[in-house]
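So the chains spell out like this:
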Amino acid sequence: MSHLTREALARLVDEMPDERERTHLESCAGCRAELAALTDQRQALATLPDLEPGPDAWPALRAQLRREGLVRERRLPGVAAARAAAAMVLFLAGGAAGYLARGPADPPPSLETPSRVAGGAAPVDPAVAAAAQGATTDVEASASEAFMVALDRYMAATDAPPADPAARLAALENIVLTTAEALHEAPTDPIISSYHLSALAQRNAVLRQLSGDGGPPVF
Amino acid sequence: MTDDELVRRAKTGEEAALHALYRRYAPRVHAVVRRLAGDDALAEDWAQEAWLRAFRALPRFRGEAAFSTWLHRVAVNSALQGLRSRARHEVRETVLPDDQAGPPESPATLRLTLERAVASLPEGMRQVLVLHDVEGFTHEEIGEMLGIAAGTSKSQLFKARAKMRESLGSREMATEGKAYVASDA
């Protein structure tokens, strides 16, 4: 008896046998077993799992994306930008935390763009105006991006119940983190340092208030 | 977050969105590229090239197909282009190290055996087998991708299956309760 070839059996994984092949398969256990094995092999291939790339793959890809300018980086380019960003972050965050502390009865703080803030169309913190004054176009762009980050955080914070002390604390934690990032950019900058220390003090005051130590009202 | 939202943000160059898309689909991309390449080092390079192509082309992606489908096709095309380029150079065959194997007859060991058998196939057979049996492309699609007739794709597939079966030899592969049993057809 002449067996079916492996290639013929491999075809029968997908296709119906012709009359000669069907007759042979009915009488040949060996060919039936081989066809079954090929069918199992086909199924096993179809269910092979995905494969994890090496741990260096993303860093290498990210570096190339940055070289090609395909990634919009959030890193601040310089001290002036860091000052401006920190000033605006504090301006916004002060309003956000105040809003959270006061509750919804009071109007929310102004959420103006940096140019409008600097232009005096909204209540202006002197530090904001000072930081924004003389800023270059690049600095303004970076500050605008930082502004958007702060705005995102503000919006996330205000989703929580205004009287929720945990949300208030979370908002202040965000401010501390943001000023810490700005300080990382310019570790010796006195203005940013003062902003950061101020944010820390306010955060600690809320912590004391929450822990029942009392103390002066925040903002 | 949905693919659509991530893609929208990634189009603006937002690194977090690009990274999220990468994390979501990197194993899928690496798998198809690795199996087509038959070589770990090449797979790393070609997978990166696939991602670069995808991210460069992202602004032109209009969402007419699912992002995952589009990306998969980009990855396959990238690997096939790499193979065409490599054809001009010495063919490197992969020897997967033994220390990747798990205990005898463990699912990991069986998968590794299958991967080795795939990697050991001649390049033309491997391409068709991976594209058809692993990735699920039709012979018409494969013919278009490889520039061959659909009938040639079929012929290569059957040869590849037979050769793979032969290379697995008499090794019994208990997979999900089934066993590959050697026979002399």
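Note that the coordinates shown come from a computational prediction; the quantities given were computed from them, not determined experimentally. (Residues numbered from 1 in each chain as written. Chains lettered and ligands numbered in written order. Predicted model: local features only at pLDDT ≥ 70, side-chain atom pairs only at ≥ 80, totals over all residues. Heavy atoms only, no water.)

Details of the nonpolar core
- Within the largest apolar cluster, 61 residues are counted, with the highest numbers of intra-cluster contacts made by Val 33, Leu 36 and Trp 51 of chain B.
- The element contributing the most residues to this core is helix α2 (residues 15-37) of chain B, with 12 residues.
- Counting residues in hydrophobic clusters, the runner-up holds 9 residues, among them Leu 4, Val 13, Leu 25 and Cys 31 of chain A. (Core = buried A, V, L, I, M, F, W, Y, C linked by side-chain atoms within 4.5 Å. Buried < 20%, exposed > 50% of the residue type's maximum accessible area, 1.4 Å probe, protein only. Helix = DSSP H or I, 4+ residues; strand = E, 2+ residues; numbered from the N terminus.)

A closer look at the interface of chain B and chain A
- Counting from both sides, the interface comprises 45 residues of chain B and, opposite them, 40 residues of chain A.
- For the pair chain B and chain A, the summed buried surface comes to about 4,000 Å²; carbon and sulfur atoms form 60% of the total.
- Between Glu 68 of chain A and Arg 56 of chain B there is a salt bridge, and its shortest N-O distance comes to 2.6 Å.
- If you look at where chain B meets chain A, you find 15 residue pairs in polar contact (both at pLDDT 80 or more).
- Listing elements by their share of the side of chain B that touches chain A, those giving two or more residues are α2, α3 (40-57), α5 (107-119), α6 (123-134) and α8 (150-168) of chain B.
- Per-element accounting of the side of chain B that touches chain A gives the leading share, 11 residues, to α2 of chain B.
- Tallied by class, residues from the side of chain B that touches chain A come to 21 nonpolar, 7 polar and 17 charged. (Contact = heavy atoms within 4.5 Å. Buried area = accessible area lost by both parts, 1.4 Å probe. Salt bridge = Lys/Arg side-chain N within 4 Å of Asp/Glu carboxyl O. Polar contact = N/O pair within 3.5 Å; in protein donor to acceptor, adjacent residues only side chain to side chain. Nonpolar A, V, L, I, M, F, W, Y, C, P; charged D, E, K, R; others polar.)

A look at the pattern of salt bridges
- Taken as a whole and assessed by the stated rule, the structure comprises 23 salt bridges over all chains.
- The partner of Lys 154 of chain B in a salt bridge is Glu 15 of chain A, and the shortest N-O contact between them spans 3.3 Å. Highlighted residues: Lys 154 of chain B in helix α8 and Glu 15 of chain A in the loop between α1 (6-12) and α2 (19-27), drawn from two different chains.
- Under the relative-accessibility criterion, Lys 154 of chain B is labelled partly exposed at 33%.
- Where Arg 165 of chain B meets Glu 34 of chain A, a salt bridge forms, and the shortest distance between an N and an O atom there is 2.9 Å.

A few points about helix α4 (residues 67-86) of chain B
Residues and elements named next belong to chain B.
- Between the first and last C-alpha of α4 there are 28 Å, a value that for 20 residues agrees with the 28 Å anticipated at 1.5 Å per step.
- Along α4, the positions that sit buried rather than exposed are Phe 67, Leu 71, His 72, Val 74, Ala 75, Val 76, Ser 78, Ala 79, Leu 80, Gly 82, Leu 83 and Arg 86.
- Next to the buried residues of α4 lie α1 (3-11), α2, α3, α6 and α7 (139-146). (Expected span 1.5 Å × (residues − 1).)

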